[in-house]
Amino acid sequence: MSAIDPRKELADRLGLDEVPPPRFTSTTDVVSRLRENDYLSDESIASVTFLADRLAKPVLVEGPAGTGKTALAKAVADATGARLIRLQCYEGLDESKALYEWNYRKQLLRIQAGRPDDSTAEDWHALEEDIFAEEFLLTRPLLEAIRAKEPVVLLIDEIDRVELETEALLLEILSEYQVSIPELGTVRATQIPMVFLTSNNTRELSEALKRRCLYLYVGYPDVERERDIIISRVPGISTTLAEQIARVVRSLRTVDLKKAPSVSETLDWARTLVVLGREEIGDEDAAATLHILLKYQADIEKATKELLGKGKSLA
Amino acid sequence: MLNVLGDFIAELRAAGLPISMSEHVDAGRAMTVIDMSDRAMVKATLSATLVKDGDHLPVFNTAFDVFFANRHVDDPDALFESGDDVDEDAQRDGKGAPTGMKGAGRPMGMGGGANSSLSAEELAEMLFRALLNNDNNALRQAAQEAVTRYAGMEPGRPVGGTYYLYRTLRNLDLDGLYDKLVMENATGEDDHLAERLARDEAQSRIEALKAAIEQEIRERLVEDRGAEALAKSVRKPLPEDLDVMHANRDEMAQLERALRPLSRKLAVRLARKRRHKRRGPVDLRHTVRKSLSTGGVPIDLRFKPPRPAKPEIIVIADISGSVASFARFTLLLVHAISSQFSKVRSFVFVDGLDEVTRLFEHTDDPAEAVARINAEADVIAFDGHSDYGRALLSFHERFAGEVNKRTAVLILGDARNNYHQAHAEVVADLRYRAKAVYWLNPEPQSYWNSGDSIISQYAPYCDRVIECRTLRQLEAFVGDLA
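This is a predicted model, so every value here is computed, not measured. (Residues numbered from 1 in each chain as written. Chains lettered and ligands numbered in written order. Predicted model: local features only at pLDDT ≥ 70, side-chain atom pairs only at ≥ 80, totals over all residues.)

We now examine the overall build of chain B. Looking only at helices and strands, one finds 20 helices and six strands in chain B. Out of the 482 residues belonging to chain B, those deemed buried represent 36%. Within chain B, counting contacts between residues at least 6 apart in sequence, those at least 24 apart form 71% of the total. (Helix = DSSP H or I, 4+ residues; strand = E, 2+ residues; numbered from the N terminus. Buried ≥ 20, exposed ≤ 12 C-beta atoms within 10 Å, placed from the backbone. Contact = placed C-beta atoms within 7 Å.)

As structure tokens, then:
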């Protein structure tokens, strides 16, 4: 089987002079460089990141809120020394906010400034070409990522918030790394950006989008990884305490709650316990600080009952 | 070339995963840039390129374990060779495998392993040590021993391994192991939290042991019967395709887990649909006024905002044993998206009828309300066998006045009336009063009207009678309704 290098193929299509070197040499390289940036990956995260780089494909990261989906993109950007360009999605996001927009005020000024009283048809044609030049283009995150000369990581955050129709805007970028602007032609990427899309899975994404991406599911970490995350992110915490926190959180996640504690909430809780100077968690401490982990009164009551075996609520 | 990958994808598709041609190609190309001797990497690669939905991962994992169990990927060519050769390769490689842990090449059912001299007590001790030290290698070894000793596997039998798993686990006294683990981990203090943590830790290790045993059994079965045949036996449908009426306890738990995101997505979709359907009828007054600016020519049509035509829903559900789970799921789903309806009222019956709307009113967790239905609803008037006629009659007497032209009436049940009177005229009158009457039947259509099922007597008076056996069908129906 002849080895095709997807990066080379893409570089040829984009018309790049040379193939940008891969960012990572192996999955172990991914793990260690992300770790240097305080991001603890697991096997699947590291493998998919490595693949995304090698295959020059975007990654769709899905999973519960607060499990480090956005942090992954940031960590990759830091680890590779790339600039992070972020597009925060929301309902109602459109082309002019995501892709590009003509700076019509500036265009108007240009038209008024260059209009002598005896203007002819030729002048108008010249002018028309002039006002649809790059000078009058306002680049938005997606186009910015494509046009960047330096290496970039593009993060399209919470893609599930935009409407189905808006999703289609992304398809050209995700598969071809180019943007077509009717008045200007096609803008091709001058490097191969790394693209991460995150989704909280509040709605089904379109098949077309999923097909173009590698898929990574980031669930809650297991006890060992969560302990390591706590140790690396919370300075001055003891291993025993971190281990205990990780276990409490695991137990909480088995209880049927409205909103299970996320990793970021776990970290908040760990920081609180460190500030309080605790070396280990007893029933009382847990009851008194549970509201940091859980955000619903019903959840707090349920957890208090389940974990501490008491009907009382202390919050 | 790429035969195994092709077979693997065929299996995933058979299990219901939507895998497109281009994803197949992607997987093949991805294989060229990775180190194929690394099983974990192969797994991550295939899952990233082929599975695009977190809910599909369990199905993928099972299929992967079957297909890539003993085909030693450390020989990269093996992955791409045709099926016949691979089995031999696998056996040969298995014997020389450096880990020496797999039972590859060992005859099935003979029970003659390297450590077969272990007594039952020694094995139990070995398991306990492995669990206590959380030592994965030792755990696998112990699992292998346990399977050899207890599973009594017979070659050639077309089974999926559930029975072998059961046999092995029955002999292992997991409850005893669990208790011992809790004892070892307990701090001795009277601390609730610490105790709970110790129990959860023990539980998770026991689960790991079960998984190791299951994997061991599966690997041996693959050797015996080949991946394709086994994959077919262990294939499980996706949660949304499970038959609600015949789900076992594990499947029930899966269904419950699947339902929450399902209803959330449905609610989001419906809310969006409502918001974006902006066109009511033409607003003549506004259009004429607008046309003044264009010299009286109505260039720009103006529309009235759409009336939020949210339907009212009345659910009448049979909650007798046979269809109880189906009724529960439907009630859950309808109430979970109750914001999409202007009013939801729920009634449940067996041979008497009771309104349960109040249970849903005082809680924001429909699951809790559904759980309370069984205890609190007063549904047994006579002998506790479903009586549709009596229940419908009773509904008509007490609540017919509540049904109006905005109401959609949903009747849930298999219409197995235990040879009581049908009282179909009640449904006829409800239809006359209501916007629509729908009957959701959780039985397969081929069973309708067999035995004491009298669905055909009600059917003429319903707008639609719908076979509704899976969450997917249920979701589609409820989505249309709102």
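Glancing now at the interface of chain B and chain A. The interface of chain B with chain A comprises 30 residues on the first partner and 36 residues on the second. Of the residues contributing to the side of chain B that touches chain A, the split by class is 13 nonpolar, seven polar and ten charged. (Nonpolar A, V, L, I, M, F, W, Y, C, P; charged D, E, K, R; others polar.)

Glancing now at the pairing of strand 7 (residues 185-188) of chain A. Residue and element names in this part refer to chain A. Here strand 6 (residues 178-181) pairs with strand 7 via four bridges, running antiparallel. Bridged to Gln178 within strand 7 is Arg188. Here strand 6 folds back onto strand 7 in antiparallel fashion, the turn holding three residues. (Pairing = 2+ DSSP bridges.)

Residue and element names in this part refer to chain A. The parallel open sheet is built from five strands, whose spatial order is 2-5-8-1-9. On the outer flanks of this sheet lie strand 2 (83-88) and strand 9 (214-217), each paired with one strand and no other. If you compare each strand with its neighbour and ignore which way they point, the axes differ by 20° on average. As paired strands, strand 1 (residues 59-62) and strand 9 are joined by four bridges and run parallel to one another. Pairing of Val59 across the sheet is with Leu214, part of strand 9. With respect to the sheet, helix 3 (residues 43-55) is in contact with strand 1, strand 8 (194-199) and strand 9, its orientation differing from that of strand 9 by roughly 160°. (Axes fitted to C-alpha atoms, helices over the stretch in contact; angles between N-to-C directions.)

Residues and elements named next belong to chain B. Taken in spatial order, the six strands make up an open sheet running 3-2-1-4-5-6, and their pairing is mixed. Edge positions in the sheet fall to strand 3 (353-355) and strand 6 (464-467), since each has one partner strand and no second. Ignoring which end each strand starts from, the neighbouring axes of this sheet average 20° apart. Two elements, strand 4 (residues 407-412) and strand 5 (residues 436-441), share five bridges in a ladder whose sense is parallel.

This paragraph deals with unusual backbone geometry. Of note in this structure, Glu158 of chain A is not a glycine but carries a positive phi near 55°. You can see Glu158 of chain A is positioned in the loop between strand 5 (152-157) and helix 9 (164-176). Phi is positive for Asn418 of chain B, which is not a glycine, with a value near 50°. Its location among the elements puts Asn418 of chain B in the loop between strand 4 and helix 18 (424-433). By C-beta crowding, Asn418 of chain B is classed as partly exposed, having 14 other C-beta atoms within 10 Å.

Bringing the domain arrangement of chain A into the picture now. One widely used convention gives an interface's size as the accessible area the parts lose upon coming together. Per the domain assignment, the segments making up chain A are domain 1 (6-91 + 140-217), domain 2 (102-131) and domain 3 (223-305). If you average the C-alpha positions of domain 1 of chain A and of domain 2 of chain A, the two centres end up 39 Å apart. (Domains from an automatic or database assignment.)

Moving on to helix 10 (residues 192-225) of chain B. Spanning 34 residues, helix 10 of chain B covers 49 Å between terminal C-alpha atoms, matching the ideal 50 Å at 1.5 Å per step. Just beyond helix 10 of chain B, the residue with positive phi is Gly226 of chain B, at close to 90°. (Expected span 1.5 Å × (residues − 1).)

With that out of the way, let us pick up the confidence of the model for chain B. A residue-level look at chain B finds 86% of positions with pLDDT of 70 or above and a mean pLDDT of 78. Under a pLDDT of 50 for its full length, residues 71-115 of chain B has, in the predicted model, 70 contacts with residues more than four places off or in other chains. (pLDDT = per-residue confidence, 0-100.)

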